[in-house]
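A closer look at the structure
Single-letter residue listing:
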Amino acid sequence: MIRLWQLSKKSAKEGEGMITDRQKKLLKTIVENYIKTARPVSSKALCKRFKCSSATIRNEMASLEGLGLLQKTHTSSGRVPSDKGYRYYVDNIMKPEELSDEDVMRLGQIFSNNSLVLSDAISKSMEIVSELTNYTAIVLGRSSDDNRIAKVEVVPIDNNKMIAIVITDKGHVENRNVTIPDNISKDEVKRVIEIIDKLIIGVSLSDVAKVLEFEVKPVIDKAVKQHEALYNAFYNAFSDFGPKQSVMVRGTSNLLKEPEFDDVDKIRNILNKFDDHDFIRNIKEDDDGIKVYIGSENQIDDDISVIKTYFYKDGEEGTIALVGPKRMEYGRAEALLNYIKENIGR
């Protein structure tokens, strides 16, 4: 996907030296009008704005079409941006919009709420962005591989049930229920907890299962009478600690509001992809900047654009993304993602 983006960006750059200032302004106007109205833009609609004759505008539009930046539709004499035209617009013309006071107030309330953990703040803020834009919001989150276990606590609930709590050096917290067989003494349980605590402190979450199997188990075998039952109980609880990717998708039905998605089979195919979390995980971004994937550059649909970025904070990492039509308000979408990304980093 990145390779496609690079090729498309190169092709857009190739046209840059051949496009005049007036053509650039004309392309900007056509792209932004089409984004707002979803209707092809005619030369007549542009004459007053550019104070030119219709023939002059038609010639300029023909030149832009020749460069591959505009294209005709089957149902109108007007022009619409091509994928290359959108790419040129995003790379060379578009500027991130300034967020409104309402945008800042609604998102600011989330990040100023100290009772929310980071993952909840990110999810809630992206839900708001989905409401503000009518695009689909995606959050892929995971605990990074550099989380190491700093503390293990076990809290008894009743005679044979307890909660095991693991705290990492990045402040990440996970807990699991542990059920102990009835015939095992409290002393043996305590001994196993001490062994586990001693041997897995400093271990990365991704290595916990391996350390339990090859380092903790041999020690428990020698030191604890009921070693098999106890080891199994704690192994089942602790072995699945590790980097796991969560998936949040909000606003999937928003695309139904867009006129280019009136084909039932097309929209069903897109919605099925949104429901497929394995597919959605492929949207993850590893680059720190804001990236835009237009039309065929993404794997969802040729009439879709995806704008996304990577985030990292205190051992939590992932991707935030907005999915919308190619007529996406790119400047607004980029500004909103930038705002969230900046607040994550604070």
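Everything that follows concerns the structure shown earlier in this document.
Described in the following lines is the structure provided in the data block. None of the values given here were measured: they were computed from a predicted structure.

Some thoughts on the overall build of the protein chain
Check the secondary structure of the protein chain and you find 13 helices and 10 strands. Relative to the globule expectation of 20 Å for 346 residues, the C-alpha radius of gyration of the protein chain, 27 Å, shows a markedly less compact shape. Burial status across the protein chain gives 46% buried among its 346 residues. Contacts spanning at least 24 positions in sequence make up 62% of the contacts within the protein chain whose residues lie at least 6 apart. Summing over all exposed atoms, the protein chain offers an accessible surface of approximately 17600 Å²; the carbon and sulfur share of this is 46%. For the protein chain, the distance from the average position of its 52 positive side-chain charges to the average position of its 55 negative side-chain charges is 6 Å.

Section: the packing of aromatic side chains
Applying the stated criterion to the full structure yields two aromatic pairs. Taking 6.1 Å as the distance between ring centres and 55 degrees as the angle between the ring planes, the aromatic pair formed by Tyr86 and Tyr330 counts as tilted. Taken as a pair, Tyr86 in helix 5 (residues 83-93) and Tyr330 in helix 13 (residues 330-344) lie far apart in primary sequence, 244 residues in all. Its relative accessible area of 1% is what places Tyr330 among the buried residues. The ring of Tyr293 is capped by Lys308, whose NZ or CZ atom sits 4.7 Å from the centre of that ring.

Digging into the pattern of salt bridges
A complete count under the given rule lists 22 salt bridges for this structure. For the salt bridge of Arg87 with Asp91, the shortest nitrogen-to-oxygen distance reads 3.2 Å. Residue Arg87 and its partner Asp91 are both found in helix 5; the two are separated by four residues, about one turn of the helix. By sharing partners, the salt bridges in this structure join Arg87, Asp91 and Glu297 into a single network.

What about the nonpolar core?
Met126, Leu322 and Tyr330 are the most contacted members of the largest nonpolar core, which totals 53 residues. At eight residues, the largest contribution of residues to this core is made by helix 13. Aside from chain neighbours lying at most four places away, what touches Leu322 is Met126, Val129, Thr133, Tyr135, Thr136, Ala137, Ser305, Val306, Ile307, Met328, Ala333 and Leu337.

A word on the packing of helix 6 (residues 101-111) against helix 7 (residues 118-133)
Running from amino to carboxyl end, helix 6 crosses helix 7 at an angle of 165 degrees, the nearest separation of the two axes being 9 Å. By the angle between their directions, the pair helix 6 and helix 7 is classed as roughly antiparallel. Our pair here, helix 6 against helix 7, has a crossing hand that is right-handed. Counted together, Asp103, Arg106, Leu107, Ile110 and Phe111 of helix 6 and Ala121, Lys124, Ser125, Ile128, Val129, Glu131 and Leu132 of helix 7 form the full contact between these two elements. Along the lines of polarity and charge, the residues of the contact of helix 6 with helix 7 split into seven nonpolar, one polar and four charged.

With respect to unusual backbone geometry
Backbone geometry places Ala38, a non-glycine residue, at a positive phi of 60 degrees. Tracing the chain through its elements places Ala38 in the loop between helix 2 (21-37) and helix 3 (43-50). Taking relative accessible area as the criterion, Ala38 reaches 22% and is therefore assigned partly exposed. Non-glycine residue Asn134 carries a positive phi angle of around 65 degrees. Along the chain, the position of Asn134 falls in the loop between helix 7 and strand 3 (136-143).

Considering the sheet that holds strand 6 (residues 173-179)
Here we have three strands laid out as an open sheet, ordered 4-5-6, and antiparallel in their pairing. Sheet topology places strand 4 (149-156) and strand 6 at the edges, where each strand pairs with a single neighbour. Direction aside, neighbouring strands of the sheet carry axes that sit 20 degrees apart on average. In this structure, strand 5 (residues 161-168) lies alongside strand 6, joined through seven bridges in antiparallel fashion. Residue Ala164 lies in a different strand from strand 6, and its bridge partner there is Arg176. Seen against the sheet, helix 10 (residues 227-238) touches strand 4, strand 5 and strand 6 and runs at an angle of roughly 150 degrees to strand 6.

Here's the deal with helix 4 (residues 54-66)
The end-to-end C-alpha separation of helix 4 is 18 Å, in line with the 18 Å expected for 13 residues at 1.5 Å each. Of the residues making up helix 4, those classed as buried are Ile57, Glu60, Met61 and Leu64. All buried residues of helix 4 project into a common sector of 100 degrees when viewed along the axis, lining one side. Opposite the buried face of helix 4, by more than 90 degrees, sit the exposed residues Asn59 and Gly66. Within two residues after helix 4, Gly68 carries a phi angle of roughly 85 degrees, on the positive side.

Definitions and cut-offs
- Residues numbered from 1 in each chain as written.
- Predicted model: local features only at pLDDT ≥ 70, side-chain atom pairs only at ≥ 80, totals over all residues.
- Heavy atoms only, no water.
- Helix = DSSP H or I, 4+ residues; strand = E, 2+ residues; numbered from the N terminus.
- Rg over C-alpha atoms; globule rule 2.2 N^0.38 Å.
- Buried < 20%, exposed > 50% of the residue type's maximum accessible area, 1.4 Å probe, protein only.
- Contact = heavy atoms within 4.5 Å.
- Areas by Shrake-Rupley, 256 points an atom, 1.4 Å probe, with all protein chains shown as cover.
- Lys, Arg positive; Asp, Glu negative; His and termini not counted.
- Charge placed at Lys NZ, Arg CZ, Asp CG, Glu CD.
- Phe/Tyr/Trp six-rings, centres within 6.5 Å; stacked < 30°, edge-to-face > 60°.
- Lys NZ or Arg CZ within 6 Å of the ring centre and 35° of its normal.
- Salt bridge = Lys/Arg side-chain N within 4 Å of Asp/Glu carboxyl O.
- Core = buried A, V, L, I, M, F, W, Y, C linked by side-chain atoms within 4.5 Å.
- Axes fitted to C-alpha atoms, helices over the stretch in contact; angles between N-to-C directions.
- Parallel < 35°, antiparallel > 145°, perpendicular 65-115°, else oblique.
- Left-handed = near helix turned anticlockwise from the far one by under 90°.
- Nonpolar A, V, L, I, M, F, W, Y, C, P; charged D, E, K, R; others polar.
- Pairing = 2+ DSSP bridges.
- Expected span 1.5 Å × (residues − 1).
- Arc of directions from axis to C-beta.

Spatial relationships are all this shows, so hold off on functional conclusions.
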